[in-house]
Structure formats: C-alpha cells, structure tokens
Amino acid sequence: MSTQTELQTTVEELVQKGKGILAADESNPTIAKRFKPVATEPTEENRRTWRNLLLSTAGLGDYISGVILFEETLTQKSDEGVPLPQMAQKRGIVPGIKVDKGTIPLVNAPGDLITQGLDGLVDRLKVYKEQGARFAKWREVYPIGQHNPKLLGVEANADVLARYAAICQSVGIVPIVEPEVLIDGDHSIDRCFEVIERVQQAVYNALNRYGVILEYTLLKPSMVTPGKEHTAKVAPAEVAEKTLKVLRRTVPAAVPSINFLSGGQTDEEATANLNAMNRMYPGQPWEVSFSYGRALQQAALHSWKGQRENIEAAQAALLKRARLNGAARFGKYNVEMETQ
Ligand code: 13P
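The following refers to the structure shown. Treat the numbers as computed from the prediction; the structure is a model and nothing was measured.

1. Points about the environment of R163
At step 1: Relative to the elements of secondary structure, R163 occurs in helix 7 (residues 151-170).
At step 2: Here R163 falls in the partly exposed class, since its relative accessible area comes to 36%.
At step 3: Sequence-wise, R163 and A206 are 43 residues apart; in three dimensions their C-alpha atoms are separated by 8.6 Å.

2. Focus: unusual backbone geometry
At step 1: Cis rather than trans, the peptide bond between N148 and P149 has omega equal to -5 degrees.
At step 2: When you line up the elements, P149 lands in the loop between strand 6 (135-142) and helix 7.
At step 3: Positioned with a positive phi, N108 is a non-glycine residue whose angle comes to about 75 degrees.
At step 4: On the accessibility criterion, N108 (69% relative accessible area) is exposed.

3. Description of the site of the ligand
At step 1: Around the ligand, 13 residues are found, and the nearest of them are K137, K220, S262, G263 and R294.
At step 2: Within the contact set of the ligand, an oxygen atom lies 2.6 Å away from a side-chain nitrogen or oxygen of K137.
At step 3: The fraction of the free accessible surface of the ligand (300 Å²) that becomes covered by protein chains is 91%.
At step 4: Secondary structure elements with two or more residues in the shell around the ligand: strand 6 and strand 10 (287-292).
At step 5: Tallied by class, residues from the shell around the ligand come to three nonpolar, four polar and six charged.

4. Quick look at the side chain of N278
At step 1: Take N278: it is sitting in helix 10 (residues 267-280).
At step 2: Taking the relative accessible area as the measure of exposure, N278 reaches 14% and is therefore buried.
At step 3: Of note is the side chain of N278, whose polar atom sits 3.0 Å from the backbone oxygen of A328.
At step 4: Within the local environment of N278, its side chain forms a polar contact with the backbone oxygen of R329, the two atoms lying 3.4 Å apart.

5. Examining the nonpolar core
At step 1: Counting residues in each nonpolar core, the largest one holds 93 residues, and the members touching the most others are L125 and Y164.
At step 2: The biggest single contributor to this core is helix 8 (residues 189-209), with 11 residues.
At step 3: Excluding residues that lie within four positions of it along the chain, L125 makes contacts with V99, A136, I167, C168, V171 and I173.

6. Regarding the pairing of strand 7 (residues 174-181)
At step 1: In terms of burial, strand 7 is a largely internal element, eight of the eight residues being buried.
At step 2: Judged by which residues are buried, strand 7 turns out to be covered on both faces: V174, I176, E178 and E180 on one side and P175, V177, P179 and V181 on the other are all buried.
At step 3: Where strand 6 meets strand 7, eight bridges bridge the pair, whose relative direction is parallel. Within strand 7, the residue paired with W138 across the bridge is V177.
At step 4: For strand 7 and strand 8 (residues 218-219), the ladder comprises two bridges, and the chain directions are parallel. Within strand 8, the position partnered with V177 by the bridge is L219.
At step 5: Viewed along the sheet, the connection from strand 7 through helix 8 into strand 8 turns out right-handed.

7. Regarding helix 9 (residues 236-250)
At step 1: Between its first and last C-alpha, helix 9 extends 21 Å over 15 residues, near the 21 Å set by a 1.5 Å rise per residue.
At step 2: Residues V239, A240, K242, T243, L244, V246, L247 and T250 constitute the buried set of helix 9.
At step 3: Tucked inside the fold, the buried residues of helix 9 contact helix 8, strand 8, strand 9 (257-260), helix 10 and strand 10.

8. A closer look at the packing of helix 11 (residues 294-304) against helix 12 (residues 311-329)
At step 1: As a packed pair, helix 11 and helix 12 sit with axes 7 Å apart at the nearest point and diverge in direction by 160 degrees. The pairing of helix 11 with helix 12 is recorded here as roughly antiparallel in orientation. Crossing handedness for the pair helix 11 and helix 12: right-handed. Along its contact with helix 11, which presents A295, L296, A299, A300, S303 and W304, the element helix 12 presents I311, A313, A314, A317, L318, R321, A322 and N325.

9. Some details on the pattern of salt bridges
At step 1: Applying the stated criterion across every chain yields a total of 21 salt bridges.
At step 2: With a closest N to O distance of 3.1 Å, E26 and R51 form a salt bridge. With E26 in the loop between strand 1 (20-24) and helix 2 (28-35) and R51 in helix 3 (residues 44-55), the pair connects residues that are 25 residues apart, well separated along the chain. In terms of burial, E26 and R51 fall into one category: buried.

Conventions adopted
- Residues numbered from 1 in each chain as written.
- Predicted model: local features only at pLDDT ≥ 70, side-chain atom pairs only at ≥ 80, totals over all residues.
- Heavy atoms only, no water.
- Helix = DSSP H or I, 4+ residues; strand = E, 2+ residues; numbered from the N terminus.
- Buried < 20%, exposed > 50% of the residue type's maximum accessible area, 1.4 Å probe, protein only.
- Near = heavy atom within 4 Å.
- Polar contact = N/O pair within 3.5 Å; in protein donor to acceptor, adjacent residues only side chain to side chain.
- Areas by Shrake-Rupley, 256 points an atom, 1.4 Å probe, with all protein chains shown as cover.
- Nonpolar A, V, L, I, M, F, W, Y, C, P; charged D, E, K, R; others polar.
- Core = buried A, V, L, I, M, F, W, Y, C linked by side-chain atoms within 4.5 Å.
- Contact = heavy atoms within 4.5 Å.
- Pairing = 2+ DSSP bridges.
- Right-handed = clockwise from strand over helix to strand, strands pointing away.
- Expected span 1.5 Å × (residues − 1).
- Axes fitted to C-alpha atoms, helices over the stretch in contact; angles between N-to-C directions.
- Parallel < 35°, antiparallel > 145°, perpendicular 65-115°, else oblique.
- Left-handed = near helix turned anticlockwise from the far one by under 90°.
- Salt bridge = Lys/Arg side-chain N within 4 Å of Asp/Glu carboxyl O.

As structure tokens, then:
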C-alpha cells in the first residue's frame, strides 16, 4: 500500500458518523494519578488489566473508531494472549499511539511550556507501526495566564506540532494534532476564545509551512470555556457557539474531523457541550467529534476500583459514556439518557 493510501484508509476508518476516539494513552505517572483515588496500585499488570478491560468491552466499536494507546500498551497482551493493538483492530477500533514525551518549561518564555520527543521520532514511529499503530497523537500545552501564552510560546509550539505531523505522514501514520489550551485558572470564556484563536492560527500556519497534508490530519482542540476557577457558569449553548466560531475562523475545511479533548470537564459537561454543537450547528465543514480520556474512563475506573469482580460493571459504565457521546455526535443526547 502506498503511504498516501495508508493515510487515506486510516482517516476513513477513524472518521465515522456517530463515533469518536478513546484516549487511553496516560503515561505511567498520569495513570498512577488516576488509579490513586480508587486505591489501585500502578503496577504494570494493573495497567494491562485496565487497558484490557477497556478494549474488550463488547460493543465498544459501535461508538469508538480509534483508541490512543501509551507505548507500554503496544506490547501488552489480552487475557487470551492477543497483543492489545491487534485485539482493538479486530474489534473495528484503529490502534494509535501517543508519541510525545511530555512538557518542559520553554526557555525565554516564562510560564509557557514546550513538548519534547522529536529527536529519533521517525525511528520510534517505524517500530510503533510494526506493533500495529496506525495513527499518532502529540500534545502541546498552553497554560492561560495574564501574560501567557507569549508570542514565542505560540510560535515554538506550533512549529513542533507541524514537525511532528510532517514526520508522521512521511511514514504513513495519521497525526492527531493536539494544541491543548488548559482549563486551569480563573480566566473568562472570552479570554479562552482569544487564546485558542491565536494558538490555532499559528498551528495551521505552521502545518502549511511544513507541507502537512491537512486531509490526513485530525485536530484535537480544547473547547472554548471559562477557566475552572472562574465564577460564571456557562451553558452548553454558549460553549457551542463560541467554540464553533473560533474553529470556523481557524480550521481549514480540508481537515476531516475535529475531536475534542475533555480537559477536566465533567463527563456530563463534555457530552452536553459536544451535543449542543452538533444539535445547534449541524453541517460544519469537518466532523465535530470527541477524543476523550477522562470523560470516557472516569466512571468506569470508579466502578472497577482495581477489583476483578467489578470488571463487568466498569465495562457497562464505559459503554454508557461511549454510547451517550455517540448520541452527541448526532445532537441526539439529552440529560434524561443519563439515568435511563
Ligand atoms: P482528557 O479528555 O482527559 O483531557 O484526555 C484527552 C487527552 O488525550 C489529553 O492529551
């Protein structure tokens, strides 16, 4: 298969009506943080059990078209001894891989961050591909502060995302481009709008400069919301209006799909906000979808609590969130469905 055909096929499998992407790519320190409240030891076997639980959920492929995995998971096996990426693929879920190596402070831009991992990336990608990965994810992080992000931060982060995306495409891996504008802080929704607009303008400018083929990329952005500590609560209608406004200003129509991160929203908020976008503003140039981590896994994790006897309940909780977000893809979710 040519690289172009590979990219095309993967995009078609990832971008399907009524489906979104499950982010199960927490690094070892992050998954340890998630396991802590449910008193589960962050051992390799518990991580394997958890990811196996997620991927073996019957019916998950009805709502989930792709899963983002962490490096370790690519080499782990199901209870039956099947490599987890192959198990996902068999269930109609395209396996992907988080390839960035996390953030460090950006020198000469106090308060801004930059993501590491470009060195040797092409060689790592070739190995991941042999292990079954067909798409990748890279996250740049932008804290909002009175003077952040700075111009240097916006430009440097955009360049790194574009370099990553171009490298992925060169080996037939579809890049998910994730510029995460953090929800932390007490900023207003309008300040969030302004930052996302600047960030995404720079990202698409860079993607074009680096020759990235937009048709073979997905965008994973934050929604436009007030900061977590901001006092004003905002209804899904306003989040939907402002988020789509900023996306229409900045994201070319050639991009096939926008898959939001949940970024610290509650499960119900993430679903209701996505639903409002698809219900109130159908017919956007790109699919309006999800790639949630916490908003898909949280309820399931709290049902599981690291206990074998809770696996079925945990899978039911995961399937429920996947199904409700699937409904939100059509704008057909309502809050009564939470208790049905
Ligand atoms: P959340 O939905 O929990 O924000 O995770 C998505 C993700 O992949 C962040 O990189």
